[in-house]
Amino acid sequence: MPLPFLTADRAFEVAGETSDDVALPFDDHDQWRRPYRPGPWRVGAAALLLLMASFVLLAAMIIAFAGAMPGAGICLGLALVMIACALRLLRVGAWVSRHGLRRVGFFSTTTVPWGRATDVRTVQQPVRWLGLPRTVQGQALVLVRHSGERLQLLTDHNADFLSRVEAFDRAADTVEAWGDEYRPV
């Protein structure tokens, strides 16, 4: 059942035709953007963290009304850390712009200008399952630098693409297209 409201990526559909490959009029290639949607595992984990943070905030309020301000402060601090973790978890992934490619991890961010990239390609290799130490055979989108170092950007078994092979293929193709467009020859 189609919903009657429009979203940003569906605003320009014409009589049943999809315009997935057409850039939106407000599309600014100088801004950092994630060329895919966050996956259900990532969104679900962030939602659970936010739900737990709401319970911790409720506990902080109850403790504050009871008069134990140090305990309320600890609960408030814990809730703020949980909210920050949820927001950072939603930000994790590969981001592209005209300036380069950025791999945002939970604890670190790596930016590689297109001028320092040799190749962006999909390879078959062992990949981590949901970022855990267990590895499985899968696909990974890697960026190869001039120094020969490889930076793994996306995998088909991470929190964005687990059980969503078509979404991984689309995202990998999109990032590869950005690389082909902006990487100097």
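In case you missed it, the structure is sitting above this.
These remarks concern the structure in this document. All figures in this text were calculated on a predicted structure; none of them were measured in a lab.

Rules used in this analysis
Residues numbered from 1 in each chain as written. Predicted model: local features only at pLDDT ≥ 70, side-chain atom pairs only at ≥ 80, totals over all residues. Heavy atoms only, no water. Helix = DSSP H or I, 4+ residues; strand = E, 2+ residues; numbered from the N terminus. Contact = heavy atoms within 4.5 Å. Pairing = 2+ DSSP bridges. Axes fitted to C-alpha atoms, helices over the stretch in contact; angles between N-to-C directions. Core = buried A, V, L, I, M, F, W, Y, C linked by side-chain atoms within 4.5 Å. Buried < 20%, exposed > 50% of the residue type's maximum accessible area, 1.4 Å probe, protein only.

### Topic: the environment of Gln31
In this fold, Gln31 is placed in the segment before α1 (40-66). Through-space distance from the C-alpha of Gln31 to that of Ser97 is 5.8 Å; in sequence the pair is 66 residues apart. Setting aside its immediate chain neighbours within four residues, Gln31 contacts Val96 and Ser97.

### As for the sheet that holds strand β4 (residues 117-128)
Pairing is antiparallel across the open sheet formed by three strands, whose spatial order is β4-β5-β6. With one partner strand each, in any of the chains shown, β4 and β6 (150-155) form the two edges of the open sheet. Sheet twist, expressed as the average angle between the axes of neighbouring strands with direction ignored, equals 30°. In this structure, strand β5 (residues 135-145) lies alongside β6, joined through five bridges in antiparallel fashion. Along β6, the bridge assignment pairs Leu143 with Leu151. Against the sheet, helix α3 (residues 165-182) contacts β4, β5 and β6, and its axis sits at roughly 10° relative to β5.

### Quick word on the nonpolar core
One recurring pattern in soluble globular proteins is that nonpolar side chains are buried together. Within the largest apolar cluster, 21 residues are counted, with the highest numbers of intra-cluster contacts made by Trp114, Leu143, Leu153 and Leu154. Every element with two or more residues in this core is listed here: β1 (93-97), β4, β5, β6 and α3. Residue contributions to this core peak at seven residues, all from α3. Formed by 10 residues, the second largest nonpolar core is a distinct cluster that contains Ala46, Ala60, Cys75 and Ala86.

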